[in-house]
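Listed below are the residues making up each chain.
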Amino acid sequence: MDHDLDAVLTAVGPRLRKLRAETDLTLGALSEVTGISVSTLSRLESGQRKPGLDLLLPLAKAYRVPLDDLVGAPQVGDPRVYPRPMRHDGLTVLPLTRRPGGLQAFKHILPGEPNDRTPTPRSHEGYHWLYVLSGRLRVILGDQDLVLTAGEVAEFDTHLPHWFGNADHRPAEFLSILGPQGERFHVRASYCP
């Protein structure tokens, strides 16, 4: 039993290093997100420190992966994704993917209420695609203030300051795909009427 536990714990370091590489994070950036010191993160990745729940839980949250993925637990049960909604500033976000790094898909639900918040555009690493499912979505991209309606799509480099919100008092729903910097959307099929 002790040998199995040692093997599992030994495999955590390389798994953490791979996750960080896939998400293109530095040790410093990961330290800011998790509150774990850079030296501790480095020792975890190199196997010089044994991981405990106090370290694995913030790392699982930062990478948006189940704890089982960090320790390499075998898959059991139902393979379907059961998204856990997150709420932030009145917005409900449902993650639609479970794997770290690469493309991440989300469904966003804006409630039907007046949006009197002042837009605060932000920028970050990555590339973003939006698809409006219903309602009217106000999108600020740099100096542009746009309103997208159902069926409309936008894509942009996330270095451009951006913000999303309701365009009016009705609810809005949209899908977003966030990818790493340099990722571009490729259409491989076209419709010919």
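Quick notes on the rules
Residues numbered from 1 in each chain as written. Predicted model: local features only at pLDDT ≥ 70, side-chain atom pairs only at ≥ 80, totals over all residues. Heavy atoms only, no water. Pairing = 2+ DSSP bridges. Helix = DSSP H or I, 4+ residues; strand = E, 2+ residues; numbered from the N terminus. Axes fitted to C-alpha atoms, helices over the stretch in contact; angles between N-to-C directions. Salt bridge = Lys/Arg side-chain N within 4 Å of Asp/Glu carboxyl O.

Some remarks on the sheet that holds strand E6 (residues 144–149)
Strand pairing in a sheet is mediated by backbone hydrogen bonds. Such pairs are either parallel or antiparallel.
Logical step 1: The sheet built from three strands is open, its strands ordered E6-E5-E8 with antiparallel pairing. In this open sheet, the two strands that pair with only one neighbour each are E6 and strand E8 (162–166). On average, each strand axis in the sheet is inclined to that of its neighbour by 25°, with strand direction left out of account.
Logical step 2: Sheet topology places strand E5 (residues 136–141) next to E8; five bridges connect them, and they run antiparallel. Of the residues in E8, the one forming a bridge with Arg138 is Gly165.

Overview of the pattern of salt bridges
Logical step 1: For the coordinates displayed, the defined rule picks out six salt bridges.
Logical step 2: Glu173 is the salt-bridge partner of Lys107, the closest N and O atoms lying 3.1 Å from each other. Of this pair, Lys107 sits in strand E3 (residues 104–110) while Glu173 sits in strand E9 (residues 172–179), and the two are 66 residues apart along the sequence.
Logical step 3: A salt bridge links Arg170 to Asp168, with the shortest nitrogen-to-oxygen separation between them at 2.6 Å.
Logical step 4: Among the ionic contacts, a cluster of salt bridges with common partners joins Arg136, Asp168 and Arg170.

That's the geometry; what it means functionally is another story.
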